[in-house]
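The primary structure of each chain is shown beneath.
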Amino acid sequence: MGISRDSVHKRRASSGRQISMRKKRKFESGRPAAMTRLGAKKVNPVRARGGNLKLRALRLDHGNFSWGSEAISKKTRIVSVVYNATNNELVRTNTLVKNCIVQIDSAPFRQWYQTHYGQDLGKKVKEDKEDKPEDEKASAKSKHVVRKIEKRNATKVLDPLVGDQFKSSRLYACISSRPGQSGRADGYILEGEELKFYLKKLQKKKGKK
């Protein structure tokens, strides 16, 4: 009957063998792993127990990612898989699983930040003085909007490690959904201690190479 999820074939905690009292049952059956890859979206519906549907994602390239400290979420493109605690082979093959670390496109978050705080995170420091007046005319704002942005900037807190990533147009994120079960690759942007932890892991990985 294929893959079975029963525990009768395993030994007891005391290392004794368990004797099977019956044959395999339909409710104990399992299915092969989806092994969702990075690519053009392809999702297959799978009939599950009780007539319910699971969405088996075979390929995905976009997902909804939330920015926790700013309390927003945006749909963005997944660029690549960079770290997986379970298996390096899943990184090499760009396989999307729950809790893997990916790089996403920062453009939707950068655009939102610019409209919300009036600051372009991806912009380089060097600017030509001659071009400044034209830019100011192009981005003319009412006094009400200027006051609103100033009020927001007063309480703004940006993680410097996250801010640095905007310069490369890539952000580190973690996938929190189960692509093989829900057919989606949603997650959240890494910040704070969690980001520091994974940056150390990635640095170690580079050092070994």
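Not measured: the values here are computed from a predicted model.

## What about the packing of helix α2 (residues 107–117) against helix α4 (residues 143–154)?
Packed helices, taken two at a time, are described by the angle their axes make and the gap between the axes.
Thinking step 1. For the pair α2 and α4, the least separation of the axes is 8 Å and the interaxial angle reads 110°. Here α2 is positioned roughly perpendicular relative to α4, judged by the angle of their axes. Here α2 contributes Thr115, His116 and Tyr117 to the contact with α4, which in turn contributes Ile149, Arg152 and Asn153.
Thinking step 2. A per-class count over the contact of α2 with α4 returns 2 nonpolar, 3 polar and 1 charged.

## What to know about the packing of aromatic side chains
Thinking step 1. Inspection of every chain in the model, using the stated rule, returns 9 aromatic pairs.
Thinking step 2. Measuring from centroid to centroid gives 6.1 Å for Trp67 and Phe109, while their planes differ by 80°, and the two rings are edge-to-face. Residue Trp67 is located in strand β4 (residues 62–67), and its partner Phe109 is located in helix α2; the two are separated by 42 residues in the primary sequence. Each member of the pair, Trp67 as well as Phe109, is classed as buried.
Thinking step 3. Where Trp67 meets Tyr113, the ring centres are 5.8 Å apart and the plane angle is 25°; that geometry is what we call stacked. Here Tyr113 lies in helix α2 and Trp67 lies in strand β4, a separation of 46 residues in the sequence. As far as the burial class goes, Trp67 and Tyr113 line up, both buried.
Thinking step 4. Clustering of aromatic rings is evident, with ring pairs tying together Trp67, Phe109, Trp112, Tyr113, Tyr117 and Phe166.
Thinking step 5. The ring of Tyr117 has Lys156 lying over it, and the distance from NZ or CZ to the ring centre is 5.7 Å.

## A word on helix α7 (residues 192–208)
Thinking step 1. Between its first and last C-alpha atoms α7 spans 25 Å; for 17 residues at 1.5 Å apiece the expected length is 24 Å, and the two agree.
Thinking step 2. Where α7 is concerned, the buried positions are Leu195, Tyr198 and Leu202. Projected onto a plane normal to the axis of α7, the buried residues spread over an arc of 75° and lie on a single side. In α7, the exposed positions angled more than 90 degrees off the buried face are occupied by Glu193, Lys200, Gln203, Lys204, Gly207 and Lys208.
Thinking step 3. Close packing links the buried residues of α7 with β5 (72–83), β6 (101–105), α5 (160–165) and β7 (170–175).

## Points about the environment of Ile149
Thinking step 1. Along the chain, Ile149 turns up in helix α4.
Thinking step 2. Of the residues examined, Ile149 reaches a relative accessible area of 10% and is grouped as buried.
Thinking step 3. Sequence separation of Ile149 and Gly118 is 31 residues, and the distance between their C-alpha atoms is 6.6 Å.
Thinking step 4. Ignoring anything within four residues of it in the chain, the contact list for Ile149 reads Thr115, His116, Tyr117, Gly118 and Lys141.

Definitions and limits used
Residues numbered from 1 in each chain as written. Predicted model: local features only at pLDDT ≥ 70, side-chain atom pairs only at ≥ 80, totals over all residues. Heavy atoms only, no water. Axes fitted to C-alpha atoms, helices over the stretch in contact; angles between N-to-C directions. Helix = DSSP H or I, 4+ residues; strand = E, 2+ residues; numbered from the N terminus. Parallel < 35°, antiparallel > 145°, perpendicular 65-115°, else oblique. Contact = heavy atoms within 4.5 Å. Nonpolar A, V, L, I, M, F, W, Y, C, P; charged D, E, K, R; others polar. Phe/Tyr/Trp six-rings, centres within 6.5 Å; stacked < 30°, edge-to-face > 60°. Buried < 20%, exposed > 50% of the residue type's maximum accessible area, 1.4 Å probe, protein only. Lys NZ or Arg CZ within 6 Å of the ring centre and 35° of its normal. Expected span 1.5 Å × (residues − 1). Arc of directions from axis to C-beta.

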